[in-house]
Amino acid sequence: MLNKVLSTVMAVIMIFSVNTGSAVVNEELPNYIPVSDSEAESREADVIQNPTVEKVVPAEKEEENEEESKRTIDPDKPMIALTFDDGPSKYTPEILDTLKNNNSSATFFVLGQEADKYKDTVKLIIEEGSEVGNHTYNHKDLTKLSDEEISNQILSTEGSIYDSSGYVSSLVRPPYGASNATLNKKISRPIIKWSVDTRDWQSRDAQKVTIHVLNTVKDGDIVLMHDIYKSTADASKIFIPKLVEMGYQLVTISELAEYRGLPLTAGQQYYNMPK
Ligand code: ZN
């Protein structure tokens, strides 16, 4: 029986991995996605017929899609994953513009309630090659919630992201970074924390944020910021081109994991991904 349940869940997870482009390995049992056996089997058949993980195609082979072919990642060069939490907001498109102008990507850990308000922005994040992660529906401290409330926070936000963009999000960042091994297992998604904390919410000062980023980052870092402040959008206009000039490739969490050969595993947490 347990095997049956496991295979059902794995089938669902495989489906969930289809659009993310990330190599997600799920070891834990997410116990709150009810799917009937027959449905799971038909989904499983679907997955087998349609191998899912998209590979990065070298630029010259992707002539029909110039937009994507412009960006190639050199696995031997340093990389950083910028992350922006608590949005989307009216400032998110500015940050996306800056990323685009610098041939870069980032990961946006959105709140479900904001994703519902800024559906077009969620879609834009995906269209422009960045990544969307799950920061719960309304920024509750998950360590203080019941199992049912935790699953509602995660699943409703995945629903909001999917509704606006068709994107199946697989990464979770718990609000305040508050989680522990037990909670991570309950969330049953890769848990993304950070190695550089800009404290942009505290300073609200573009110059301070810029200096913090430029003085602190190193290869493999995951940088925490918030796309709900004008100061952070302004800072991005300065430090993003500067980081690129310094030789850093600005990539999504999934890209960083992929190029570092690190499987993103459900229930595991990640602070950075150095070589
Ligand atoms: Zn937050």
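The following refers to the structure shown. (Residues numbered from 1 in each chain as written. Predicted model: local features only at pLDDT ≥ 70, side-chain atom pairs only at ≥ 80, totals over all residues.)

## Overview of the overall build of the chain
Here's step 1: Scanning the chain for helices and strands turns up 12 helices and 10 strands.
Here's step 2: Across the 275 residues in the chain, those meeting the buried criterion constitute 44%.
Here's step 3: Residue pairs at least 24 apart in sequence account for 79% of intrachain contacts in the chain once pairs closer than 6 positions are excluded. (Helix = DSSP H or I, 4+ residues; strand = E, 2+ residues; numbered from the N terminus. Buried ≥ 20, exposed ≤ 12 C-beta atoms within 10 Å, placed from the backbone. Contact = placed C-beta atoms within 7 Å.)

## Some points on the packing of helix H4 (residues 92–101) against helix H6 (residues 119–127)
Here's step 1: Orientation of H4 relative to H6, taken along the N-to-C sense of each, is 15°, at an axis distance of 10 Å. Between H4 and H6, the angle is such that the two are roughly parallel. Crossing geometry of H4 relative to H6 is assigned as left-handed. Residues Thr-92, Pro-93 and Leu-96 of H4 lie in contact with H6, whose contacting residues are Thr-121, Leu-124 and Ile-125.
Here's step 2: Its residues assigned to classes, the contact of H4 with H6 shows 4 nonpolar, 2 polar and no charged. (Axes fitted to C-alpha atoms, helices over the stretch in contact; angles between N-to-C directions. Parallel < 35°, antiparallel > 145°, perpendicular 65-115°, else oblique. Left-handed = near helix turned anticlockwise from the far one by under 90°. Nonpolar A, V, L, I, M, F, W, Y, C, P; charged D, E, K, R; others polar.)

## Description of the environment of Asp-97
Here's step 1: Summarising the element assignment, Asp-97 is placed in helix H4.
Here's step 2: By the C-beta count within 10 Å, which is 15 here, Asp-97 ends up partly exposed.
Here's step 3: Sequence spacing of Asp-97 and Glu-128 is 31 residues, and the spatial spacing of their C-alpha atoms is 9.1 Å.

## Quick look at the pairing of strand S3 (residues 107–110)
Here's step 1: Residue alternation in S3 divides its side chains into two sets, Thr-107 and Phe-109 and Phe-108 and Val-110, and both sets are buried.
Here's step 2: The sheet contact formed by strand S2 (residues 79–85) and S3 spans 3 bridges and is parallel. Along S3, the bridge assignment pairs Phe-84 with Phe-108.
Here's step 3: Considered for its hand, the β-α-β crossover made up of S2, H4 and S3 is right-handed.
Here's step 4: As paired elements, S3 and strand S4 (residues 131–134) share 4 bridges and run parallel to each other. Residue pairing in the sheet places Thr-107 in a bridge with Glu-131 of S4. (Pairing = 2+ DSSP bridges. Right-handed = clockwise from strand over helix to strand, strands pointing away.)

## Topic: H6
Here's step 1: Restricting attention to buried positions, one finds in H6 the residues Thr-121, Val-122 and Ile-125. Looking straight down H6, one finds its buried side chains confined to an arc of 105°; they lie on one side.
Here's step 2: Those residues of H6 hidden inside the fold are in contact with H4, S3, helix H5 (112–117), S4 and helix H7 (147–165). (Arc of directions from axis to C-beta.)

## A closer look at the packing of H6 against H7
The relative placement of two packed helices is expressed as an angle between their axes plus a distance between the axes.
Here's step 1: It is at 8 Å that the axes of H6 and H7 come closest, and there the two elements cross at 80°. In terms of orientation, H6 and H7 fall into the roughly perpendicular class. Counted together, Lys-119, Val-122, Lys-123 and Ile-126 of H6 and Ile-161, Ser-164 and Ser-165 of H7 form the full contact between these two elements.
Here's step 2: Split into classes, the residues belonging to the contact of H6 with H7 amount to 3 nonpolar, 2 polar and 2 charged.

## Comments concerning helix H11 (residues 230–245)
For an α-helix, the turn length of 3.6 residues means that residues three or four places apart are oriented alike.
Here's step 1: End to end, H11 covers 23 Å across 16 residues, agreeing with the expected 22 Å (1.5 Å per residue, within 8%).
Here's step 2: Where H11 bends most, the angle comes to about 30°, and this point is Ser-236.
Here's step 3: Within H11, the full set of buried residues consists of Ser-231, Thr-232, Ala-233, Ala-235, Ser-236, Phe-239, Ile-240 and Leu-243.
Here's step 4: Directly beyond the C-terminal end of H11, a positive phi value near 100° is found at Gly-247. (Expected span 1.5 Å × (residues − 1). Bend = angle between axes of the 7 residues up to and from the residue.)

## Structural notes on the environment of Ile-80
Here's step 1: Summarising the element assignment, Ile-80 is placed in strand S2.
Here's step 2: Placed 137 residues apart in sequence, Ile-80 and Val-217 show a C-alpha to C-alpha distance of 7.8 Å.
Here's step 3: Apart from the residues within four sequence positions on either side, Ile-80 is in contact with Val-217, Asp-221, Val-223, Leu-243, Tyr-248 and Leu-250.

## Notes on the pairing of strand S7 (residues 222–226)
Here's step 1: Taken across its 5 residues, S7 has 5 buried, putting it largely inside the fold.
Here's step 2: Across the two faces of S7 the burial is the same, with Ile-222, Leu-224 and His-226 and Val-223 and Met-225 all buried.
Here's step 3: For S2 and S7, the ladder comprises 5 bridges, and the chain directions are parallel. Bridging across to S7, Asp-85 finds its partner in His-226.

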